[in-house]
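So the chains spell out like this:
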Amino acid sequence: MPAELSPIDKAKFAAARRAVDFVEDGMKVGLGTGSTAAWMVRCLGELVREEGLRITGVPTSSRTADLARQVGIPVVGLDEAKWLDLTIDGADEFDGELNLIKGGGGALLQEKIVATASDRMIVISDASKEVVSLGAFPLPVEVVPFGWQTTRALIEEMLISVEVLGRQTTLRLNGSQPYITDEGNHIVDLHLNRISNPRQLAMALNQIPGVVENGLFIDICDMVIIGGPDGAVELRDINAGSVTQERIDFAEDANIFADLD
Ligand SMILES: O=C(CO)[C@H](O)[C@H](O)COP(=O)(O)O
């Protein structure tokens, strides 16, 4: 492992490395977006190249599609794959019920469609993403560019009627311009601090004309794998109600790190 890899990257890698053990030959796999998911894509690529694992990947962003092709994973669109065995993705926050905030990387729409079209979703994370209540991380909401300021005003009006601690909203920028998602939309980030009823908020947001999707993933995630910088991993399975502690041996993954040197 390169000495310069930060503790947080070691933790993300450990979670990603354990998650790919759930991928079986012939599976159709949703490939998440973000720095943690990128480790998972690299790990899967290694298995495809070195061990002949046959999988079909469905990327959740153009960034992930580029990386997957680069590491040798065959990719298709969701309409070609139709239904997936498993999606592995990162998250910005997860709570005790494995509800999530996603979209920090701007890919929430494709991520939610792909995860929902999967038999199972595994989230990979370092320990910092675990929260008692969702909402410290700004909640991303994807809105169509047409009339986005009106949509934002409607969102702010709706926020008065739900139990949240903060109500500030900001348009996500890329430099001085609005951030544009892969689907050509904008993102409004909601600074709520604490969301008392994520299910109610998710439904209320999606009823507003102009809102395409929100970053609350409710009842979608089946398992969270939390990695530590020392290779410790904790697997929390919401369906089985189980918590398992294991350890990853970094020395076995020298090839993946060698690619980065
Ligand atoms: O939802 C996402 C992208 O839209 C990411 O999964 C989320 O932002 C976590 O990213 P990272 O693994 O880089 O912390």
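In this text, all values refer to a predicted model and were calculated from it rather than measured experimentally.

So, how was this worked out
Residues numbered from 1 in each chain as written. Predicted model: local features only at pLDDT ≥ 70, side-chain atom pairs only at ≥ 80, totals over all residues. Near = placed C-beta within 6 Å. Helix = DSSP H or I, 4+ residues; strand = E, 2+ residues; numbered from the N terminus. Pairing = 2+ DSSP bridges. Axes fitted to C-alpha atoms, helices over the stretch in contact; angles between N-to-C directions. Contact = placed C-beta atoms within 7 Å. UniProt positions renumbered as here; feature names shortened; annotations may be inferred. Buried ≥ 20, exposed ≤ 12 C-beta atoms within 10 Å, placed from the backbone. Right-handed = clockwise from strand over helix to strand, strands pointing away.

For the rest of this paragraph, the subject is the site of the ligand. In the vicinity of the ligand lie 18 residues, with Gly 34, Thr 36, Gly 90, Gly 104 and Gly 105 positioned nearest. Contributing elements (two or more residues each) for the shell around the ligand: helix 2 (35–51) and helix 5 (108–116). At three residues, helix 2 tops the list of elements feeding residues into the shell around the ligand.

Across the sheet, which stays open at both edges, the seven strands sit in the order 2-1-3-6-14-15-16 with mixed pairing between neighbours. Taken across any chain shown, the strands that pair with only one partner, and hence form the sheet edges, are strand 2 (56–59) and strand 16 (242–247). Adjacent strand axes in the sheet meet at a mean angle of 20 degrees when their direction is disregarded. Direction of pairing for strand 14 (residues 223–227) relative to strand 15 (residues 232–237): antiparallel, over a ladder of five bridges. Note that in strand 15 the partner of Val 224 across the bridge is Arg 236. Here helix 3 (residues 62–70) sits on the sheet in contact with strand 1 (28–31) and strand 2, set at roughly 155 degrees to strand 2. Along the sheet, helix 5 makes contact with strand 1, strand 2, strand 3 (86–89) and strand 6 (121–126), crossing strand 3 at roughly 145 degrees.

Our next topic: the UniProt feature "active site" (unreviewed entry) in the protein. The sites that carry the UniProt feature "active site" (unreviewed entry) are, in the present numbering, Glu 111. With respect to the helices and strands, the residue Glu 111 is situated in helix 5. Glu 111 has contacts with Gly 32, Thr 33, Thr 60, Asp 89 and Lys 102, leaving out every residue within four places of it along the chain.

This paragraph deals with unusual backbone geometry. Phi angles above zero are rare outside glycine, and Lys 82 is one such case at about 70 degrees. Note on placement: Lys 82 falls in the loop between helix 4 (78–81) and strand 3. Overall, the presence of 10 C-beta atoms within 10 Å leaves Lys 82 in the exposed class. For Leu 98, which is not glycine, the phi torsion reads 60 degrees and is therefore positive.

Further remarks concern the pairing of strand 7 (residues 139–143). Counting buried positions along strand 7 yields five of five residues, so the element is predominantly enclosed. Bridge analysis of strand 7 against strand 11 (residues 186–191) gives five bridges, and the strand direction is antiparallel. Within the sheet, the bridge partner assigned to Pro 140 lies in strand 11 and is Asp 189. In this sheet, strand 12 (residues 211–214) lies alongside strand 7 in antiparallel orientation, the contact comprising three bridges. Bridge pairing in strand 12 links Val 141 to Asn 214.

A regular strand places its side chains so that they alternate between the two faces of the sheet. Of the two faces of strand 1, the one lined by Lys 28 and Gly 30 and the one lined by Val 29 and Leu 31 are each fully buried. Taken together, strand 1, helix 2 and strand 2 constitute a β-α-β crossover, and its handedness is right-handed.

Before going further, it helps to examine the sheet that holds strand 11. One open sheet holds the four strands; their spatial order is 8-11-7-12, and the pairing between them is antiparallel. Looking at which strands have only one partner, the edges of the open sheet turn out to be strand 8 (168–171) and strand 12. Taken over all neighbouring pairs, the strand axes of this sheet differ in orientation by 25 degrees on average, direction set aside.

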